[in-house]
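# Overview (structure and organization)
Chain by chain, the residues run as shown.
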Amino acid sequence: MATTITRENLAQETDNKITVIDFWAPWCGPCKIMDPVLEAMEEEFGDRIHFGKMNVDNNEDVAKQYKVMGLPSIVLFKNGKAVEKVTGVYPKEKMAHYLNRKLEEM
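In this report, the structure presented in the accompanying data block is examined. (Residues numbered from 1 in each chain as written. Predicted model: local features only at pLDDT ≥ 70, side-chain atom pairs only at ≥ 80, totals over all residues. Heavy atoms only, no water.)

### Focus: the packing of helix H2 (residues 29-45) against helix H4 (residues 92-104)
Between H2 and H4, the least distance of the axes is 10 Å, while the angle of their chain directions is 40 degrees. One way to sum up the angle between H2 and H4 is to call them oblique. Seen along the crossing, H2 lies across H4 with a hand that is right-handed. Where H2 abuts H4, its residues Met34, Pro36, Val37, Ala40, Met41, Glu44 and Phe45 lie against Lys92, Met95, Ala96, Leu99, Asn100 and Leu103. Considering only residue class, the contact of H2 with H4 consists of 10 nonpolar, one polar and two charged. (Axes fitted to C-alpha atoms, helices over the stretch in contact; angles between N-to-C directions. Helix = DSSP H or I, 4+ residues; strand = E, 2+ residues; numbered from the N terminus. Parallel < 35°, antiparallel > 145°, perpendicular 65-115°, else oblique. Left-handed = near helix turned anticlockwise from the far one by under 90°. Contact = heavy atoms within 4.5 Å. Nonpolar A, V, L, I, M, F, W, Y, C, P; charged D, E, K, R; others polar.)

Written out as structure tokens, the structure is:
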């Protein structure tokens, strides 16, 4: 299960080779569509990628810091630094392809 990310634990939780944080909100319909996709990705890649979720309603300042303008947004961190952001709903196959590419870049 993805770790709940807050401004307090963000630095600690992104201190991994690769961390994927889902910026979401409870009122966001597309976020609910992405939930099962990200759960499947965590099941498939959880041994190589750390997964987290950040509720933007409780962490607006952090969302602004990473230029999250639309939901859902996935921010990819490498060794604690945000390096990439994707926004919108992705099918499992497309998200798996994206994560595999990021792992190959390591």
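### So, the sheet that holds strand S2 (residues 18-24)
Spatial strand order, S1-S3-S2-S4-S5: five strands in an open sheet with mixed pairing. Each edge of the sheet is formed by a strand with only one pairing partner; in this case those strands are strand S1 (3-4) and strand S5 (81-87). Judged from the six bridges that link them, S2 and strand S3 (residues 50-55) form a sheet pairing that is parallel. For isoleucine 21, the partnering residue across the bridge sits in S3 and is glycine 52. H2 rests against S2, S3 and strand S4 (73-78) of the sheet, and its axis sits at about 160 degrees to S3. Taken strand by strand, H4 contacts S2, S3, S4 and S5, and its axis lies near 15 degrees from that of S4. (Pairing = 2+ DSSP bridges.)

### Some remarks on the nonpolar core
Ranked by size, the top nonpolar core spans 19 residues in total, and within it Val20, Met41, Phe45, Ile49, Phe51, Met95 and Leu99 carry the most contacts. Those residues in contact with methionine 95 that sit more than four places away from it in its chain are Met34, Val37, Met41, Ile74 and Tyr90. Ile5, Cys28, Val68 and Phe77 belong to the second-largest nonpolar core, a separate cluster that totals 15 residues. (Core = buried A, V, L, I, M, F, W, Y, C linked by side-chain atoms within 4.5 Å. Buried < 20%, exposed > 50% of the residue type's maximum accessible area, 1.4 Å probe, protein only.)

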